Amino acid sequence: MREVDTNLVKKTVKELILKANVFLSPDIKNELIKKEKEEKSEIGKGLLNVINENIEVAASENCPICQDTGMCIVFLEVGQDVIFKGNYIYDEINEAIREAYDEGYFRKSVVGCPLRRENTKDNTPGIIYYNIVKGDKVSIKVMPKGFGSENCGATKMLKPADGYNGVIEFILDTVKKAGSKPCPPMIIGVGIGGTMEKSAIMAKEALLLDINHKNTDPYYAEMEQELYEKINNLGIGPGGLGGTTTALGVNILTYPTHIAGLPVSVNIGCHVSRHTQMEI
């Protein structure tokens, strides 16, 4: 067994939040540079140039890439041979969020009650997902999720008979409805199978994958490619102003499901889909 102090988890989460809100992951950054060169629309090309300039300024000035510094989502993969010692781990993670959003001068956007709408003034609580895995390591993934893109996600309980084409149609329809709202070019995370909530969590987790990641199942790798091409042919373009660059990537995660169901969820990330991770 390996002891891990929860204070180390707190320090790591804080570091990851400060990094994620300022520095875009290389896969997305490089793809945006590539798409600026390839974009057919002059307006779209110009907007991609502004997006790329913004990314560089944020990094050089150590300021947020986007004013919406999101609601903080933390994924923990904890080895079953790990024993936590110290303060309650959820308290430590929320303290990390509180300190990071203060030190980074990040916008605090969390309201304590979804209907009364009073701001908590420290961007807590975060959303924490905890999964037990083999080994004695702790993998921490942090995603500050802005709600321009989060509001455009969708879940649908399809009928098994809807099959492959029904899944494609639902995903395309979700992206069409999103239009310019998620600040395209966007990244599309898809979860297929499980239950209603399992598909939604997978769709969120799919946004943590490298945008060049290909599903290990050729069947779903083909679906990813088909969706990528069809979404980029929608003409939504950068900023929703038209063009050939609507999606930077499409990632699909799947899970076994019930004979009577076909749950599908779509979670959309904006062009600065921020996330970073570390193992301790």
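Heads up: the structure comes first, above all this text.
Participant: Give me the lowdown on the overall build of the protein chain, citing residues and values where you can.
Facilitator: A count of helices and strands for the protein chain gives eight helices and ten strands. Computed over C-alpha atoms, the radius of gyration of the protein chain comes to 19 Å, within 12% of the 19 Å expected from 2.2 N^0.38 for 280 residues, which places it in the range of a compact globule. With respect to the three principal axes, the spread of C-alpha positions in the protein chain is 55 × 50 × 40 Å. Across the 280 residues in the protein chain, those meeting the buried criterion constitute 49%. Of the contacts formed within the protein chain by residues at least 6 apart in sequence, a portion of 81% connects residues at least 24 apart. Carbon and sulfur atoms form 53% of the exposed surface of the protein chain, whose accessible area is close to 13,500 Å². Separation of charge centres in the protein chain, based on 32 positive and 37 negative side chains, amounts to 3 Å.

Participant: Run through the nonpolar core, naming residues and quoting values.
Facilitator: Core analysis: the largest hydrophobic core is formed by 26 residues, its most contacted members being Ile188, Ile192 and Leu227. Mapped onto this core, the elements with two or more residues apiece are helix H6 (163–178), strand E7 (186–194), helix H8 (218–232), strand E8 (247–257) and strand E9 (262–269). By residue number, the principal contributor to this core is H6, which donates seven residues. For Leu227, the contacting residues outside a window of four places in its chain are Ile168, Ile171, Leu172, Val250 and Ile252.

Participant: Residue-level account of helix H2 (residues 26–38), with values.
Facilitator: Under the 1.5 Å per step criterion, the end-to-end length of H2 is 18 Å for 13 residues, consistent within 8% with the ideal 18 Å. Of all the positions in H2, only Asp27, Ile28, Glu31, Leu32, Lys35 and Glu36 are classed as buried. For H2, the angular spread of the buried residues around the axis is 165°, confining them to a single face. H2 presents Pro26 and Lys37 as exposed residues on the side facing more than 90 degrees away from its buried surface. Where the residues of H2 are buried, they touch helix H3 (42–61), E7, H8 and E8.

Participant: Would you mind going over the sheet that holds strand E6 (residues 154–158) in detail, with residue names and values included?
Facilitator: Within the open sheet, the four strands sit side by side as E6-E9-E7-E8. Their pairing is mixed. Unpaired on one side and paired on the other, E6 and E8 mark the two borders of the sheet. When the angles between neighbouring strand axes are averaged without regard to direction, this sheet yields 15°. In the packing of H8 onto the sheet, the strands contacted are E7 and E8, and the crossing angle to E8 comes to about 145°.

Participant: Lay out the state of the cysteines with the relevant residues and their values.
Facilitator: Covalent bonding between the sulfur atoms of two cysteines defines a disulfide. Taken as a whole and judged by the stated rule, the model has zero disulfides. Left without a disulfide partner, Cys63 is nearest to the cysteine sulfur of Cys66, which lies 11 Å away. Not part of a disulfide, Cys152 finds its nearest cysteine sulfur in Cys183, a span of 8.9 Å.

Participant: Tell me about unusual backbone geometry, and name the residues and values.
Facilitator: A cis amide bond links Thr124 with the next residue in sequence, Pro125, at an omega value of 0°. With an omega dihedral of 10°, the bond running from Pro184 to Pro185 counts as a cis peptide bond. Inspection of the secondary structure puts Pro185 in the loop between H6 and E7. Although it is not a glycine, Arg117 adopts a positive phi angle of roughly 65°. By the element assignment, Arg117 lies in the loop between helix H4 (89–103) and strand E4 (127–133). On the basis of relative accessible area, Arg117 is assigned to the exposed category, the value being 54%. Of note, the phi angle at Cys183 is positive, near 55°, even though the residue is not glycine. Structurally, Cys183 is set in the loop between H6 and E7.

Participant: Lay out the sheet that holds strand E5 (residues 138–145) in plain terms, naming residues and giving numbers.
Facilitator: Strand order in this open sheet of four strands is E4-E2-E5-E10, and the pairing throughout is mixed. Of all the strands in the sheet, the pair left with one neighbour each is E4 and strand E10 (276–279). Adjacent strand axes in the sheet meet at a mean angle of 15° when their direction is disregarded. Here strand E2 (residues 71–79) pairs with E4 via seven bridges, running parallel.

Conventions adopted
- Residues numbered from 1 in each chain as written.
- Predicted model: local features only at pLDDT ≥ 70, side-chain atom pairs only at ≥ 80, totals over all residues.
- Heavy atoms only, no water.
- Helix = DSSP H or I, 4+ residues; strand = E, 2+ residues; numbered from the N terminus.
- Rg over C-alpha atoms; globule rule 2.2 N^0.38 Å.
- Buried < 20%, exposed > 50% of the residue type's maximum accessible area, 1.4 Å probe, protein only.
- Contact = heavy atoms within 4.5 Å.
- Areas by Shrake-Rupley, 256 points an atom, 1.4 Å probe, with all protein chains shown as cover.
- Lys, Arg positive; Asp, Glu negative; His and termini not counted.
- Charge placed at Lys NZ, Arg CZ, Asp CG, Glu CD.
- Core = buried A, V, L, I, M, F, W, Y, C linked by side-chain atoms within 4.5 Å.
- Expected span 1.5 Å × (residues − 1).
- Arc of directions from axis to C-beta.
- Pairing = 2+ DSSP bridges.
- Axes fitted to C-alpha atoms, helices over the stretch in contact; angles between N-to-C directions.
- Disulfide = S-S within 2.5 Å.

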